[in-house]
Amino acid sequence: MDLQRNLWQFVVFGLAVTLALSIYADLNSLLEAFSKFEWTLFPVVLGLTLGNQFLRFVKWEYLLSEVDVDLPLRKSFYIFGSGLIMIMTPGKLGEMWKCWLIRDEQGTPLSRTMPVIATERITDLLGVLLISLLGILAFDRSPLILLLFLIPISAGILLLQYERGSYWVIGLSESVPILRTKTDALRNLYTNSRSLLSPRPLGVTTVLSVFSWGLECIGLWLVLQGFGADVTMIAAAFVFALSSILGAVSLLPGGLGVTEGSMTAFLIVFGAGEATAASATLIIRAATLWFVAVLALSVYLMYRRTSESIQSSPEEVDV
């Protein structure tokens, strides 16, 4: 993984998006809006972002326990935090990197931990979909667009619960030369995926996702309050959730461009001026994307330094 190159590409892309928003909203109007913002609210918004990450870590720990992966809490924190660097990958799919980190730590097969990452992403999407659905119902709009996402996900989860049919499909892989040696791994992968998406763990992790992403929705509402914008909390939650979904399905790194553009457009629809909408978008993205990316990089550097110090320390010799 060329982390340094990916990081620079992410930063350049982000700066380009920021420049585009500045040009759209008029730089002078943007600076004027920033000067009027109540910056005392910004630490609170950062705190809500940390709250989101804490609840996501709780979900991570819960899912690991469900597949019998027992990591020391400190090591689990380092791996989880390091994985957040992959916020810069399309749909955060790069967080699969955490599976390799766990394998390197204690030899856990990837087939056991990959379903954990997949369940994280699925329940994150379910969480923001439910928040968006509440917004659509509150504004008496058709939920058709969200159902186009929700129905396939629900259908896929239900199909995974059809154990007999799934094992039959996996059994067919024995007749494919390239997959013949991977059949046992595929069975383990399916077993862990099925268990994590059964009603109890799915319900627990989806509820955690609703609350965790709800904190960042509140963060956007607070930012709008800091500009004096007359936008309700439900509207702010709807805008944040729907923009996050659009950014995720765009498969662009971090949803850059699509998330910012849709969020700004939706905020204007809900009555925020162009400068306020663009300014609020830049601030909430700084708090929920760039702040997390910097924290993740810091955790990863600490993790790597700790690992290197352990590997370089002299072994004890019995005398």
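Definitions and limits used
Residues numbered from 1 in each chain as written. Predicted model: local features only at pLDDT ≥ 70, side-chain atom pairs only at ≥ 80, totals over all residues. Heavy atoms only, no water. Phe/Tyr/Trp six-rings, centres within 6.5 Å; stacked < 30°, edge-to-face > 60°. Helix = DSSP H or I, 4+ residues; strand = E, 2+ residues; numbered from the N terminus. Buried < 20%, exposed > 50% of the residue type's maximum accessible area, 1.4 Å probe, protein only. Axes fitted to C-alpha atoms, helices over the stretch in contact; angles between N-to-C directions. Parallel < 35°, antiparallel > 145°, perpendicular 65-115°, else oblique. Left-handed = near helix turned anticlockwise from the far one by under 90°. Contact = heavy atoms within 4.5 Å. Nonpolar A, V, L, I, M, F, W, Y, C, P; charged D, E, K, R; others polar. UniProt positions renumbered as here; feature names shortened; annotations may be inferred. Salt bridge = Lys/Arg side-chain N within 4 Å of Asp/Glu carboxyl O. Polar contact = N/O pair within 3.5 Å; in protein donor to acceptor, adjacent residues only side chain to side chain. Expected span 1.5 Å × (residues − 1).

For the rest of this paragraph, the subject is the packing of aromatic side chains. According to the stated counting rule, one finds 12 aromatic pairs in the structure shown. Seen from their ring centres, Phe238 and Phe266 are 6.5 Å apart, and the 45 degrees between their planes marks the pair as tilted. Residue Phe238 is found in helix α12 (residues 233–249), and its partner Phe266 is found in helix α13 (residues 258–269); the two are separated by 28 residues along the sequence. Residue Phe238 is classed as buried on the basis of its relative accessible area, which comes to 11%. Ring pairing ties together the aromatic residues Phe57, Trp60, Phe77, Tyr78, Phe80 and Tyr303, which thus form one cluster.

This part takes up unusual backbone geometry. For Asp68, which is not a glycine, the phi torsion comes out positive at approximately 60 degrees. For Asp68, the position within the fold is in the loop between α3 (42–66) and α4 (73–83).

It is worth spelling out the packing of α12 against α13 at this point. Taken N-terminus to C-terminus, the directions of α12 and α13 make an angle of 150 degrees; their axes are 8 Å apart at the nearest point. When the interaxial angle is binned, α12 and α13 end up roughly antiparallel. In the packing of α12 onto α13, the handedness of the crossing is right-handed. Between α12 and α13, the contacting residues are Val239, Phe240, Leu242, Ser243, Leu246 and Gly247 on the first element and Val258, Thr259, Ser262, Met263, Phe266 and Leu267 on the second. Within the contact of α12 with α13, the residues separate by chemical class into eight nonpolar, four polar and no charged.

Turning our attention to the UniProt feature "transmembrane region" (unreviewed entry) in the chain. The feature "transmembrane region" (unreviewed entry), as annotated in UniProt, sits at residues 7–25, 37–55, 76–94, 114–137, 144–162, 202–224, 231–252 and 282–303 in this numbering. In residues 114–137, helix accounts for 100% and strand for 0%; the two terminal C-alpha atoms are 35 Å from one another. The span residues 202–224 is 100% helix and 0% strand, and its two end C-alpha atoms sit 33 Å from each other.

With that settled, the discussion passes to the pattern of salt bridges. Using the criterion set out here, one finds 11 salt bridges in the structure. In this structure, Glu32 engages Lys36 in a salt bridge whose closest nitrogen and oxygen atoms are separated by 3.2 Å. Pair noted here: Glu32 and Lys36 are both in helix α2 (residues 27–36), with a separation of four residues, about one helical turn. For Glu32, a relative accessible area of 44% puts it in the partly exposed group. Since its relative accessible area comes to 58%, Lys36 is described here as exposed. Ionic pairing is found between Glu260 and Arg285, a salt bridge with its closest N-O pair at 2.8 Å. Highlighted residues: Glu260 in helix α13 and Arg285 in helix α14 (residues 274–312), separated in sequence by 25 residues. Taken as a pair, Glu260 and Arg285 share a single burial class, namely buried. Three or more residues are tied together by salt bridges with common partners; here these are Arg56, Lys59, Glu95, Lys98, Glu120, Arg121 and Asp124.

The next thing to look at is the side chain of Thr206. On the secondary structure map, Thr206 appears in helix α11 (residues 199–226). For Thr206, a relative accessible area of 11% gives the class buried. A polar side-chain atom of Thr206 sits 2.7 Å from the main-chain carbonyl oxygen of Leu202. Filtering out sequence-adjacent residues up to four positions away, Thr206 remains in contact with Thr123, Leu126 and Leu130.

Taking 1.5 Å of rise per residue, the 28 residues of α11 would be expected to cover 40 Å, and the 40 Å separating its terminal C-alpha atoms lies within 8% of that figure. Phi for Gly228, located one or two positions after α11, is positive at around 75 degrees.

Here Thr113 is to be found in helix α6 (residues 110–138). Among the residues examined, Thr113 registers a relative accessible area of 1% and is labelled buried. Counting along the chain gives 14 residues from Thr113 to Cys99, while the straight-line C-alpha distance between them is 5.6 Å. Aside from chain neighbours lying at most four places away, what touches Thr113 is Val69, Cys99, Ile102 and Thr108.

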